[in-house]
Amino acid sequence: MVKLAPICLFTYNRLNETKQTIKALQRNHLASESELFIFSDGGKNNTTKFKVNEVREFIKTVKGFKSVKIFESKENKGLANSIIHGVSKIIQKFGQVIVLEDDLITSPNFLNFMNQGLNYYQKDEKIFSISGYTMELPSLNNYKKDFYTGYRASSWGWATWLNKWDNVDWEVQSYSKFRWSFLGKLNFMRGGVDMPGMLKKQMKGKIDSWAIRWCYHQFRVDGLTIYPSKSKVFSVGFGSSATHTKKTKRFDTTLDPSDKLLFEFDENVSVNKVLAREFKNKFSILNRIKDKL
């Protein structure tokens with residue numbers, strides 16, 4: 001029997017999105033067998049504190065899981081620190097974790113895919129994370145496998161193991177050398193041309209992202225991510241209250257409509273060049289410009 005990973009859900013001040021996320025997660029086939037840990041970040045000011053309290057009143061009513069435990073932060077840590085500290089806390093105890101934010105709708109078989117992926121690749125040194133989300137890539141329309149492999153980690157419904165998470169240098173001490181490496185940046189762009197720029201903004205304090213640092217670490221150790229061929233996650237986080245996302249259509253995807261509960265993985269984790277090219281193209285300068293028009 002597959003050992004079920006605990007679920008970490010990170011919330012802030014968006015009640016409507018949080019309700020949607022919880023409702024979808026409760027519909028998962030493995031919800032009643034899974035332990036749920038909800039992390040509620042503190043508000044920045046009186047307005048956000050009021051909204052945070054609304055969310056906190058709601059999450060205290062959440063049922064439908066093996067157990068529910070809530071961690072409320074008195075101060076505003078910000079998303080990056082909340083996730084780094086929260087995931088570290090839970091993964092130290094359980095050895096693996098499934099992570100969601102408060103604006104992600106999951107398919108009923110999301111937890112099945114994630115747990116089976118975690119179980120299958122737990123000893124594979126090459127695989128650094130399992131993603132529940134995938135973009136709509138043209139070649140996936142006729143793709144037969146349940147999964148494909150990518151260079152870039154996803155922050156929209158993902159999972160990993162303690163031995164991968166524990167080794168991340170969140171201070172990115174190697175950046176002083178990397179910033180001058182043309183070949184290093186070129187290789188980093190295998191997962192998208194936006195990645196070196198995002199890391200630069202992170203190091204200059206212009207953005208607050210745990211994900212770009214996680215992606216950079218994965219690149220540094222030549223790690224890979226397992227993606228589903230049919231997305232198990234859809235984001236509803238592009239509203240006016242979104243802190244880290246703006247309206248875009250590039251990442252729209254169709255949620256897996258199937259009733260499939262058992263997924264097939266294999267030891268061949270080589271990257272499909274066609275899918276890698278289509279994936280990278282989603283982040284191209286041209287597509288980013290088109291998305292804003």
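Everything discussed here concerns the structure shown above.
Residues numbered from 1 in each chain as written. Predicted model: local features only at pLDDT ≥ 70, side-chain atom pairs only at ≥ 80, totals over all residues. Heavy atoms only, no water.

I'd like to hear about the pattern of salt bridges, residue by residue, with values.
Two side chains that carry opposite charge are able to pair once their charged atoms sit near each other. Per the stated rule, a full pass over the model turns up 10 salt bridges. Between arginine 56 and glutamate 72 there is a salt bridge, with its nearest N and O atoms 3.9 Å apart. Here glutamate 72 lies in strand 3 (residues 67-72) and arginine 56 lies in helix 2 (residues 46-59), a separation of 16 residues in the sequence. Judged by its relative accessible area of 11%, arginine 56 falls in the buried class. The exposure class assigned to glutamate 72 is partly exposed, which follows from its relative accessible area of 41%. Residue aspartate 194 pairs with arginine 152 through a salt bridge whose shortest N-O separation is 2.9 Å. Of this pair, aspartate 194 sits in the loop between helix 7 (182-188) and helix 8 (195-203) while arginine 152 sits in the loop between strand 7 (147-150) and strand 8 (158-161), placing them 42 residues apart in sequence. (Salt bridge = Lys/Arg side-chain N within 4 Å of Asp/Glu carboxyl O. Helix = DSSP H or I, 4+ residues; strand = E, 2+ residues; numbered from the N terminus. Buried < 20%, exposed > 50% of the residue type's maximum accessible area, 1.4 Å probe, protein only.)

Please give an account of a positive patch on the surface that cites residues and values.
Judged by side-chain charge, Arg179, Lys200, Lys201, Lys204 and Lys206 come together as a positively charged surface patch. According to the relative accessible area criterion, lysine 204 is exposed, its value standing at 53%. (Patch = residues over 30% accessible without salt bridge, like charges linked within 9 Å, V, L, I, M, F, W, Y side chains within 5 Å. Areas by Shrake-Rupley, 256 points an atom, 1.4 Å probe, with all protein chains shown as cover. Lys, Arg positive; Asp, Glu negative; His and termini not counted. Charge placed at Lys NZ, Arg CZ, Asp CG, Glu CD.)

Outline the pairing of strand 2 (residues 35-40), supporting the account with residue identities and numerical values.
Most of strand 2 sits inside the fold, with five of its six residues counted as buried. Of the pairings in the sheet, the one linking strand 1 (residues 7-11) to strand 2 comprises five bridges and is parallel in character. Within the sheet, the bridge partner assigned to cysteine 8 lies in strand 2 and is phenylalanine 37. For the crossover from strand 1 across helix 1 (residues 15-26) to strand 2, the handedness is right-handed. (Pairing = 2+ DSSP bridges. Right-handed = clockwise from strand over helix to strand, strands pointing away.)

Which residues make up helix 10 (residues 273-281), and what values go with them?
Every buried residue of helix 10 is accounted for by Leu275, Ala276, Glu278 and Phe279. Looking straight down helix 10, one finds its buried side chains confined to an arc of 165°; they lie on one side. The outward face of helix 10, more than 90 degrees from its buried face, is lined by the exposed residues Lys273 and Arg277. In this structure, the buried residues of helix 10 make contact with strand 7 and strand 9 (224-228). Where helix 10 starts, the residue carrying a side-chain oxygen 3.0 Å from the main-chain nitrogen of valine 274 turns out to be asparagine 272. (Arc of directions from axis to C-beta. Contact = heavy atoms within 4.5 Å. Polar contact = N/O pair within 3.5 Å; in protein donor to acceptor, adjacent residues only side chain to side chain.)

Please give an account of the state of the cysteines that cites residues and values.
Applying the stated criterion across every chain yields a total of zero disulfides. Cysteine cysteine 8 shares no disulfide, and the gap to the nearest cysteine sulfur, in cysteine 215, comes to 18 Å. Among the residues examined, cysteine 8 registers a relative accessible area of 0% and is labelled buried. (Disulfide = S-S within 2.5 Å.)

An account of the sheet that holds strand 8 is requested, with residue identities and associated values reported.
The strand order across the open sheet formed by eight strands is 3-2-1-4-8-6-9-7, and the pairing between neighbours is mixed. The strands lining the two open edges of the sheet, one partner per strand, are strand 3 and strand 7. Between one strand axis and the next, the sheet turns by 25° as a mean value, whatever way the strands run. Sheet topology note: the strand 6 (residues 127-131)/strand 8 ladder contains two bridges and is antiparallel. Bridge assignment links serine 131 to a residue of strand 8, and that residue is tryptophan 158. Running over the sheet, helix 2 touches strand 1, strand 2 and strand 3 and is turned about 165° from strand 2. (Axes fitted to C-alpha atoms, helices over the stretch in contact; angles between N-to-C directions.)

Could you give an account of the packing of aromatic side chains, with specific residues and numbers?
By the definition in use, this model includes 31 aromatic pairs. Judged by centre distance (5.7 Å) and plane angle (25°), the ring pair of tryptophan 158 and tryptophan 165 falls under stacked. Note on accessibility: tryptophan 158 and tryptophan 165 belong to one class, buried. Centre to centre, the rings of tryptophan 158 and tryptophan 214 are 6.1 Å apart; their planes meet at 35°, and the pair counts as tilted. Here tryptophan 214 lies in helix 9 (residues 211-220) and tryptophan 158 lies in strand 8, a separation of 56 residues in the sequence. Each member of the pair, tryptophan 158 as well as tryptophan 214, carries the same accessibility label: buried. Connected via pairs of aromatic rings, a cluster forms that spans Tyr133, Tyr148, Trp156, Tyr227, Phe251, Phe279 and Phe283. The ring of phenylalanine 128 carries the charged tip of lysine 164 above its face, separated from the ring centre by 5.0 Å. Above the face of the phenylalanine 113 ring, lysine 232 is positioned so that its terminal group lies 5.2 Å from the ring centre. (Phe/Tyr/Trp six-rings, centres within 6.5 Å; stacked < 30°, edge-to-face > 60°. Lys NZ or Arg CZ within 6 Å of the ring centre and 35° of its normal.)

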